[in-house]
Amino acid sequence: MFIRDILAHKKLSLSFEIFPPKADNAPDTVIQTARELAQSRPDFISVTYGAGGSSRRSTVAVAEQIEQTGVPALAHLTCVGQSRADIDGVIRELKARRICNVLALRGDIPEGAQTVPGFSHASDLAPLLKDAGFCVGGACYPEGHPESRNRNEDIENLKYKAEAGVEFLTTQMFFDNDMLYSFLYRMQAAGIRLPVIAGIMPVTNAAQIQRMVSLSNAYMPRKLLMIIDRFAENPLALRQAGIAYAVDQIIDLVSNGIRGIHIYTMNKSANAADILASVHEIIAAVNGKGADA
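Here's a quick rundown of the structure. Source: prediction; values computed, not measured.

The rules behind the values
- Residues numbered from 1 in each chain as written.
- Predicted model: local features only at pLDDT ≥ 70, side-chain atom pairs only at ≥ 80, totals over all residues.
- Heavy atoms only, no water.
- Axes fitted to C-alpha atoms, helices over the stretch in contact; angles between N-to-C directions.
- Helix = DSSP H or I, 4+ residues; strand = E, 2+ residues; numbered from the N terminus.
- Parallel < 35°, antiparallel > 145°, perpendicular 65-115°, else oblique.
- Left-handed = near helix turned anticlockwise from the far one by under 90°.
- Contact = heavy atoms within 4.5 Å.
- Nonpolar A, V, L, I, M, F, W, Y, C, P; charged D, E, K, R; others polar.
- Buried < 20%, exposed > 50% of the residue type's maximum accessible area, 1.4 Å probe, protein only.
- Polar contact = N/O pair within 3.5 Å; in protein donor to acceptor, adjacent residues only side chain to side chain.
- Phe/Tyr/Trp six-rings, centres within 6.5 Å; stacked < 30°, edge-to-face > 60°.
- Lys NZ or Arg CZ within 6 Å of the ring centre and 35° of its normal.
- Expected span 1.5 Å × (residues − 1).

Between helix α9 (residues 222–231) and helix α10 (residues 235–255), the shortest axis-to-axis distance is 9 Å and the interhelical angle comes to 165 degrees. Taken together, the axes of α9 and α10 are roughly antiparallel relative to one another. For the pair α9 and α10, the crossing hand works out as right-handed. Here K223, L224, I227, I228 and F231 of α9 lie close against α10, whose contacting residues are P235, A237, L238, A241, Y245 and D248. Each residue belonging to the contact of α9 with α10 can be placed in one class, and the counts come to 9 nonpolar, no polar and 2 charged.

Once that is clear, we can look at the side chain of T59. Within the secondary structure, T59 sits in helix α3 (residues 56–68). Overall, the relative accessible area of 1% leaves T59 in the buried class. At 2.7 Å, the side chain of T59 forms a polar contact with the backbone oxygen of T48. If sequence neighbours within four positions are ignored, T59 has contacts with P20, V47, T48, Y49 and H76.

Here we come to the packing of aromatic side chains. The tally for this structure, following the rule as stated, stands at 1 aromatic pair. Between F44 and F168, the ring centres sit 6.5 Å apart and the planes meet at 55 degrees, which makes this aromatic pair tilted. Of this pair, F44 sits in strand β2 (residues 44–47) while F168 is found in strand β6 (residues 168–171), placing the two residues 124 residues apart along the sequence. Taking relative accessible area as the criterion, F44 reaches 1% and is therefore assigned buried. Judged by its relative accessible area of 0%, F168 is buried. Just above the ring of F2 sits the side chain of R4; from NZ or CZ to the centre is 4.1 Å. One residue, K95, lies across the ring of F134, its end atom 5.3 Å from the ring centre.

Turning to its location among the elements, L105 is positioned in strand β4 (residues 101–105). A relative accessible area of 17% means that L105 is categorised as buried. In sequence terms L105 and G137 are 32 residues apart; their C-alpha atoms lie 8.8 Å from each other. Non-local contacts of L105, meaning those with residues more than four positions away in its chain, are made with H76, L77, T78, C79, A122, L125 and A139.

Let us now look at helix α6 (residues 151–164). An ideal rise of 1.5 Å per residue puts 20 Å on 14 residues; α6 measures up with 20 Å between its terminal C-alpha atoms. Buried residues of α6: E153, D154, I155, L158, K161 and A164, and no others. Buried residues along α6 sit against α5 (122–131), β5 (135–140), β6 and α7 (177–189). Two or three places before N152, at the opening of α6, N150 has a side-chain oxygen 3.1 Å from that residue's backbone nitrogen.

Spelled out as structure tokens, the structure:
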């Protein structure tokens, strides 16, 4: 099923993200996590793609396993450092596995890697995927891409993605909902009308989240900083507080009309299950379903 159709017909979508290892073969633990997440019947599960194609085969393999559960898979695909032949090869693999949704990304530039002419941005990749018959998604940054000079430039680059064929957007993680609301206003003012799915990262590991924040340049509200400072040495307490913070974010987003929630699970199905347990009735109510939905 195409994700664009899901987003067009559901009032509120829920999705998860997992990442495969860099090795070519996906270990049983990742596949098991995918199956556990699929039991919650999310609208789709996305699978990341290593820099420079380092996890190409395992990304495709995990996406295929997800599809076999009856849940649509969203396979990430990066283009930086890859040739047209490389991209065409991945497209053939995805189509052979009957994977029809792809998230078009530039990708992080590996140290020492050279960009290939014609494949410097996600907007270069999106038309190829669109022409191949995929439903194409893209990434966006509520606080602006770390490499953009300013927010206006960031919105202009987002317009290029939309014009290139991207059909929906998933945000990078953010911890202040006002950042997203401001971003959506700028999008609308620029005439970009794509569905936006809000990416939520539960803070359950202090060291891990600090690394992720340094890469994404995400703003950390004082409330969240206090949680991390207070419970950094107590993993169980930090996990509980981090999940509660994520739940509060989701409730506020849904209350303000956001139509898609995407949980960055970090391959922890239990974290996703705990969040879902707290918002299950809210999601069901928005989608017009009963208590047993």
